[in-house]
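As a plain string of letters, each chain reads:
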Amino acid sequence: MKQSIARIALVVGDYDEAIEFYTKKLDFSLIEDAKLDEHKRWVVVAPPGSNECCLLLAKAANHEQLKSVGNQTGGRVFLFLFTDDFWRDYNKMKDRSINFVRPPAEYEYGTVAVFEDLYGNLWDLLQPKSPI
């Protein structure tokens, strides 16, 4: 048997501003953008070269969901963006005004820095010591 996580829903405030951030600031690909009804779209983005898990950008549909935008994990790092070249991606993200809340550090598992997305969700930018 084989199973995998294919999508992670990320609650966003607005579809278009989220697409703009992920595709222009992080170089993600827009995999799908389909209108489901008057208010809901199926929007999927993925990091360059990714063929596994993608993000489903899900617009907050009510007040309760809106409260979780930017804080889906209670302030903990939520997502982990693996890279094969930490310094290339770190410098490019800094040039694009991505806010890093923890500077780069070396650990036994790799090089990592914590950044926030446009809503304040925390991400690790991580180059593992083992090949990805």
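In this text the structure is predicted, and so the values were computed from the model without any measurement.

## Focus: unusual backbone geometry
In this structure, Asp27 takes a positive phi of about 65° despite not being glycine. Tracing the backbone through its elements, the reader meets Asp27 in the loop between helix H1 (15–25) and strand S2 (29–35).

## Concerning the UniProt feature "domain: VOC" (unreviewed entry) in the chain
When the UniProt feature table is mapped onto this chain, "domain: VOC" (unreviewed entry) is found at residues 4–128. Overall, residues 4–128 shows 22% helix and 43% strand. The separation of its end C-alpha atoms is 20 Å.

## Some points on the domain arrangement of the chain
According to the domain assignment, the chain consists of domain 1 (1–69) and domain 2 (71–131). Inter-centroid distance (C-alpha atoms) of domain 1 to domain 2 is 19 Å. Across the contact, 20 residues belong to domain 1 and 17 residues belong to domain 2. When domain 1 packs against domain 2, close to 1,500 Å² is buried across both sides, 63% of that on carbon and sulfur atoms. Across the contact surface, domain 1 and domain 2 share two salt bridges. Its salt-bridge partner being Asp27, residue Lys92 comes within 2.7 Å of it at the nearest N-O pair. At the boundary of domain 1 and domain 2, one finds 13 residue pairs in polar contact (both at pLDDT 80 or more). It is H1 that contributes the most residues to the side of domain 1 that touches domain 2, six residues altogether. Tallied by class, the residues present in the side of domain 1 that touches domain 2 amount to 13 nonpolar, two polar and five charged.

## What about the pairing of strand S8 (residues 122–128)?
Buried residues dominate S8, accounting for six of its seven residues. Both strand S5 (residues 77–82) and S8 contribute to a ladder of five bridges, which runs parallel. The partner of Leu79 across the bridge, within S8, is Trp123. Linkage of strand S7 (residues 110–116) to S8, two consecutive antiparallel strands, is achieved through a turn of five residues, within which Gly120 is found at a positive phi near 105°.

## Points about the nonpolar core
Counting residues in each nonpolar core, the largest one holds 29 residues, and the members touching the most others are Tyr22, Leu55, Leu57 and Phe115. When contributions to this core are tallied by element, the ones reaching two or more residues are strand S1 (7–12), H1, strand S3 (41–46), strand S4 (54–59), S5, helix H3 (86–95), S7 and S8. The element that contributes the greatest number of residues to this core is H1, accounting for five residues. Residue assignment places this core across two domains, with domain 1 (1–69) and domain 2 (71–131) each supplying three or more. The residues contacting Leu55, other than those within four sequence positions of it, are Ile8, Leu10, Tyr22, Phe28, Val43, Val44, Val45, Leu79 and Trp123.

Rules used throughout
Residues numbered from 1 in each chain as written. Predicted model: local features only at pLDDT ≥ 70, side-chain atom pairs only at ≥ 80, totals over all residues. Heavy atoms only, no water. Helix = DSSP H or I, 4+ residues; strand = E, 2+ residues; numbered from the N terminus. UniProt positions renumbered as here; feature names shortened; annotations may be inferred. Domains from an automatic or database assignment. Contact = heavy atoms within 4.5 Å. Buried area = accessible area lost by both parts, 1.4 Å probe. Salt bridge = Lys/Arg side-chain N within 4 Å of Asp/Glu carboxyl O. Polar contact = N/O pair within 3.5 Å; in protein donor to acceptor, adjacent residues only side chain to side chain. Nonpolar A, V, L, I, M, F, W, Y, C, P; charged D, E, K, R; others polar. Buried < 20%, exposed > 50% of the residue type's maximum accessible area, 1.4 Å probe, protein only. Pairing = 2+ DSSP bridges. Core = buried A, V, L, I, M, F, W, Y, C linked by side-chain atoms within 4.5 Å.

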